[in-house]
Amino acid sequence: MTITELVGEIKKKKSFLCVGLDVDLTKTPSHLLNTEDPIFEFNKQIIDATHHLAVAYKPNTAFYEAYGIKGWQSLDKTINYINQNYPEIFTIADAKRGDIGNTSTMYAKAFFEDLNFDSVTVAPYMGSDSVEPFLAFKDKFTIMLALTSNKGGLDFQGKDLINNKPLYKEVIKTSLTWNNSENLMFVVGATKAEYFKGIREIAPNSFLLVPGVGAQGGSLEGVCEFGLNKENIGLLINSSRGIIYASKGEDFANAAQIEAQKLQAQMAKILADNNIA
Ligand SMILES: O=C(O)c1cc(=O)[nH]c(=O)n1[C@@H]1O[C@H](COP(=O)(O)O)[C@@H](O)[C@H]1O
């Protein structure tokens, strides 16, 4: 997928919502547990109920890896289901990878070629040659952790280490000089809304994946105040538990749709208020 296609989809749906597919079998409705593949069955129903309200899906691979080979098969079936039925949707493998160059290339092949995701999350800690192998893939995106939503996100990322600037700013600024940096996006937590102004000063046009609304308490309006880019929107706002576990009963997919609809309606208003869509 290209950025132009992603922006077109956002404007068409008046939504920059990403639904996080973080399936936990201990929270899955009991009537699904007897099906052949409860994780896939759960995802399929969530996707069918929300695809018109969301522009992206983000399975976090931890929730699949935890179930071994069966979990990986559920992930494979989920991405294939999205790609076959809703190819207009942007897909994110939330795997937070990154290693020495030849290893990163194999990670990139796993997520971009074998599974055919549009993007993957990576950690910047090992530097340019650990991220550039991901960036080399055309029309695929590498979403690098910048300022994360968790409390400990400031332990290192917020420290003034280089030129009296916090580490996360240096990470963003430097990475934008790397080869194929047009394929970079950044993760910035919704719980850190007050930081978006400074981030937009150094990355005005980059897409930001913003997890942390819903269960972690981040504010959509707070993020959009400075995070929204008037030309390309530049935001994908993720909610996982707040949508997929809105109900743990047989009505789970309908309840997820209602929660997704609430966020989409807020997004449509924000876009209209900014004369964007
Ligand atoms: O990379 C991520 O997606 C991520 C980065 C971050 O800073 N904070 C964060 O919560 N996430 C992920 O976003 C999702 C948030 O889930 P909920 O809190 O249930 O909406 C989880 O899959 C997290 O692993």
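The structure reproduced in this document is the subject of the present report. Per chain, residue numbering runs from 1 following the sequence as it is written. Under the rules for a predicted model, residues below a pLDDT of 70 receive no local features and side-chain atom pairs below 80 are neither given nor counted, while totals for whole chains, interfaces and linings still include all residues. Here the side-chain values reflect all heavy atoms present in the structure, with hydrogen atoms and water set aside.

### Some thoughts on the environment of Thr78
This is how it is decided: Each helix is a run of H or I in the DSSP string that is no shorter than four residues. Each strand is a run of E no shorter than two, and both are numbered from the N terminus. Between buried and exposed lies partly exposed: a residue is buried under 20% and exposed over 50% of the maximum accessible area for its type, with that area taken using a 1.4 Å probe on protein chains only. Contacts between residues were defined by any pair of non-hydrogen atoms, one from each residue, lying within 4.5 Å.
Its location among the elements puts Thr78 in helix α4 (residues 68-85). When its relative accessible area of 1% is taken as the criterion, Thr78 is described as buried. With 37 residues separating them in the primary sequence, Thr78 and Glu41 have C-alpha atoms 9.0 Å apart. The contacts of Thr78, once residues within four sequence positions are left out, are Leu21, Phe40, Asn43 and Ile47.

### Overview of the packing of helix α2 (residues 38-50) against helix α12 (residues 252-273)
Applied cut-off: A fitted line through C-alpha atoms serves as each axis, taken over the contacting stretch for helices, and the angle formed by two N-to-C directions is quoted from 0 to 180°. An angle counts as roughly parallel when it lies under 35 degrees, as roughly antiparallel when it exceeds 145, as roughly perpendicular when it falls between 65 and 115, and as oblique in every other case. In this scheme the handedness of a crossing depends on how the near helix is turned from the far one: anticlockwise by less than a right angle means left-handed, clockwise means right-handed. Residues are grouped as follows: Ala, Val, Leu, Ile, Met, Phe, Trp, Tyr, Cys and Pro are nonpolar; Asp, Glu, Lys and Arg are charged; every other residue, Gly included, is polar.
The geometry of α2 relative to α12 is characterised by a closest axis approach of 9 Å and an angle of 40° between their N-to-C directions. Relative to α12, α2 is oriented oblique. As α2 runs across α12, the sense of the crossing is right-handed. From α2, Phe42, Gln45, Ile46, Ala49 and Thr50 reach across to α12, where they touch Phe252, Ala253, Ala256, Gln257 and Ala260. Across the contact of α2 with α12, the residue classes tally to 7 nonpolar, 3 polar and no charged.

### What to know about the side chain of Thr91
The condition that has to hold: What qualifies as a polar contact is a pair of N or O atoms within 3.5 Å, subject to a donor-acceptor requirement within protein and to the restriction that residues adjacent in sequence count only when both atoms come from side chains.
Following the sequence through the fold, Thr91 ends up in strand β3 (residues 90-97). Residue class for Thr91 comes out buried when judged on its relative accessible area of 1%. Among the polar contacts listed, one links the side chain of Thr91 to the backbone nitrogen of Asp118, at a separation of 2.9 Å.

### A short note on the site of the ligand
Our working rule: Any residue with at least one heavy atom within 4 Å of a molecule or strand is counted as near it.
With respect to spatial proximity, 16 residues lie near the ligand, and among them Asp22, Ser149, Gln216, Ser240 and Arg241 are the closest. At a separation of 2.9 Å, an oxygen atom of the ligand approaches a polar backbone atom of Ser240. Counting residues per element, the ones that place at least two in the shell around the ligand are β3 and β10 (235-239). Grouping the constituent residues of the shell around the ligand by class yields 4 nonpolar, 7 polar and 5 charged.

### Overview of the sheet that holds β10
The condition that has to hold: Here, strands pair whenever DSSP counts at least two bridges between them.
The strand order around the closed barrel formed by 8 strands is β1-β2-β3-β4-β5-β8-β9-β10, and the pairing between neighbours is parallel. Neighbour-to-neighbour, the strand axes of the sheet open up by a mean angle of 30°, direction not taken into account. Bridge count between strand β1 (residues 17-20) and strand β2 (residues 56-58): 3 bridges; the pairing is parallel. In the strand pairing of β2, Val19 is matched with Tyr57. Running over the sheet, helix α5 (residues 101-114) touches β3, β4 (119-122) and β5 (141-147) and is turned about 155° from β3. Along the sheet, helix α10 (residues 220-227) contacts β9 (208-211) and β10; its crossing angle with β10, the most-contacted strand, is approximately 165°.

### A word on α5
We apply this condition: Take the residue count of a helix, subtract one, and multiply by 1.5 Å to get its expected span.
Its 14 residues place the ends of α5 19 Å apart at the C-alpha level, agreeing with the 20 Å of an ideal helix rising 1.5 Å per residue. Residues of α5 that are buried in the fold lie against α4, β3, β4, α6 (128-135) and β5.

### Quick look at a nonpolar patch on the surface
Threshold: Like charges within 9 Å and nonpolar side chains (Val, Leu, Ile, Met, Phe, Trp, Tyr) within 5 Å are joined into patches, using only residues over 30% in relative accessible area that form no salt bridge. All accessible areas in this document rest on Shrake-Rupley with a 1.4 Å probe, and a residue is counted as covered only by the protein chains that are shown. What makes a salt bridge here is a side-chain nitrogen of Lys or Arg within 4 Å of a carboxyl oxygen of Asp or Glu, nothing more.
A cluster of nonpolar side chains, namely Ile100, Tyr125 and Met126, defines an oily patch on the protein surface of about 400 Å² accessible area. You can see Ile100 is positioned in the loop between β3 and α5. Relative accessible area serves as the criterion here: at 46%, Ile100 is assigned to the partly exposed category.

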